[in-house]
Amino acid sequence: MTDSLHDLRILVAGGSRGIGLAMADAFAREGAQVSICARSEGGLNDAVAALSRHGRAVHALPCDLSDAAQIEAWVTAAAAALGGIDVVVNNASGYGNGSDDASWLAGFNVDLMAAVRTNRIALPHLRRSASPAIINISSINGSVPTPRAAAYSTAKAALNYYTVTLATELAREKIRVNAIAPGSIEFADGLWDKRKTTEPALYARIRDSIPFGRFGAVEDVAEAAVFLASARARWITGQVLAVDGGQALGA
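Keep in mind that this is a model prediction, so the values were computed, not measured. (Residues numbered from 1 in each chain as written. Predicted model: local features only at pLDDT ≥ 70, side-chain atom pairs only at ≥ 80, totals over all residues. Heavy atoms only, no water.)

Here we take up the overall build of the protein. Regarding its fold elements, the protein presents 8 helices and 7 strands. Expressed along its principal axes, the backbone C-alpha trace of the protein runs to roughly 50 × 40 × 35 Å. Taken across its 251 residues, the protein has 51% of its residues classed as buried. Residue pairs in contact within the protein that sit at least 24 positions apart in sequence constitute 71% of those at least 6 positions apart. Accessible surface computed for the protein: about 11500 Å², of which carbon and sulfur atoms make up 54%. Positive and negative side-chain charges in the protein, numbering 23 and 24 respectively, have mean positions lying 5 Å apart. (Helix = DSSP H or I, 4+ residues; strand = E, 2+ residues; numbered from the N terminus. Buried < 20%, exposed > 50% of the residue type's maximum accessible area, 1.4 Å probe, protein only. Contact = heavy atoms within 4.5 Å. Areas by Shrake-Rupley, 256 points an atom, 1.4 Å probe, with all protein chains shown as cover. Lys, Arg positive; Asp, Glu negative; His and termini not counted. Charge placed at Lys NZ, Arg CZ, Asp CG, Glu CD.)

What follows is the structure, given as structure tokens:
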């Protein structure tokens, strides 16, 4: 694809590494202006340097996505820096993999409420856009439970339902709302990259359970996001798109 997102103004929450950075990079490569946020200022600086090579405007601001005030500050600053907002991508997780209250609250506050708050604050800007879209990054765990992450899976299931509900609310305004549900994605210093060393048996078992024979790559998700953000997806809303090499099929 060439300049399929030319001059769109796209916000990517959690955009300094992994899937978030891959999406921001793909958007910038396709001609978009991007704003990213993350907790680590150092990681943001590295990400901005990488994204700037595409020659598009790049904005970044540190943000704890569990904090409503910081989300509002980021979205407001991003809209000012880019001259508006066309697309919002909610890519964040509290990784609530335990069974304690902290894990459940992390999922609620980051996986779900960060998206709710970001979208709510961005909505006035999206209403002024000619190409408005929201993409929530979920997980196949939201529809295929895993015994290792009840809190995480529940939060993503809630995000899926929120996606469809918000799409219904905004359809008459022609604001598209979709979600991407990645399967197991491997990238440097990510969960599965670490488990390759710390839990090799689990790593091999999950890898071998994926029908396509490998873990997903961040680029697999990024290319789906480019499509959903673009005019090519103009007739698609209220969908949760699995990007998982057939993992959720249990084949």
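Right, picking up where we left off after that structure.
The subject of this paragraph is unusual backbone geometry. Positive phi, close to 70°, is recorded for Asp-7, a residue that is not glycine. Tracing the sequence through the fold places Asp-7 in the segment before strand S1 (9–13). Judged by its relative accessible area of 38%, Asp-7 falls in the partly exposed class.

Where burial is concerned, the two faces of strand S4 (residues 87–90) agree: the one with Val-87 and Val-89 and the one with Val-88 and Asn-90 are both buried. For S1 and S4, the ladder comprises 3 bridges, and the chain directions are parallel. Looking at the pairing, Ile-10 lines up with Val-87 of S4. The pairing of S4 with strand S5 (residues 133–137) spans 4 bridges and is parallel. Note on S5: the bridge partner recorded for Val-88 is Ile-134. (Pairing = 2+ DSSP bridges.)

A separate point is the packing of aromatic side chains. Applying the stated criterion to the full structure yields 2 aromatic pairs. Aromatic side chains Trp-192 and Phe-215 sit 5.1 Å apart centroid to centroid with 35° between the ring planes, which places their arrangement in the tilted category. Residue Trp-192 is located in helix H6 (residues 191–198), and its partner Phe-215 is located in the loop between helix H7 (200–209) and helix H8 (218–229); the two are separated by 23 residues in the primary sequence. According to the relative accessible area criterion, Phe-215 is buried, its value standing at 6%. By way of ring pairs, the aromatic residues Trp-192, Tyr-203 and Phe-215 are connected into one cluster. Positioned above the aromatic ring of Trp-192, the side-chain terminus of Arg-195 is 5.0 Å from the ring centre. (Phe/Tyr/Trp six-rings, centres within 6.5 Å; stacked < 30°, edge-to-face > 60°. Lys NZ or Arg CZ within 6 Å of the ring centre and 35° of its normal.)

With that settled, the discussion passes to the sheet that holds S4. Spatial ordering of the open sheet is given by S3-S2-S1-S4-S5-S6-S7, a layout of 7 strands whose pairing is parallel. The strands lining the two open edges of the sheet, one partner per strand, are strand S3 (58–62) and strand S7 (240–243). Taken over all neighbouring pairs, the strand axes of this sheet differ in orientation by 15° on average, direction set aside. Two strands pair when backbone bridges link them, and S5 and strand S6 (residues 176–182) are joined in this way by 5 bridges, in the parallel orientation. Looking at the pairing, Ala-133 lines up with Arg-176 of S6. Along the sheet face, helix H1 (residues 18–29) touches S1, strand S2 (33–38), S4, S5 and S6 and points at about 170° away from the line of S1. In the packing of helix H5 (residues 150–170) onto the sheet, contacts are made with S5, S6 and S7, and the angle to S5 comes to roughly 170°. (Axes fitted to C-alpha atoms, helices over the stretch in contact; angles between N-to-C directions.)

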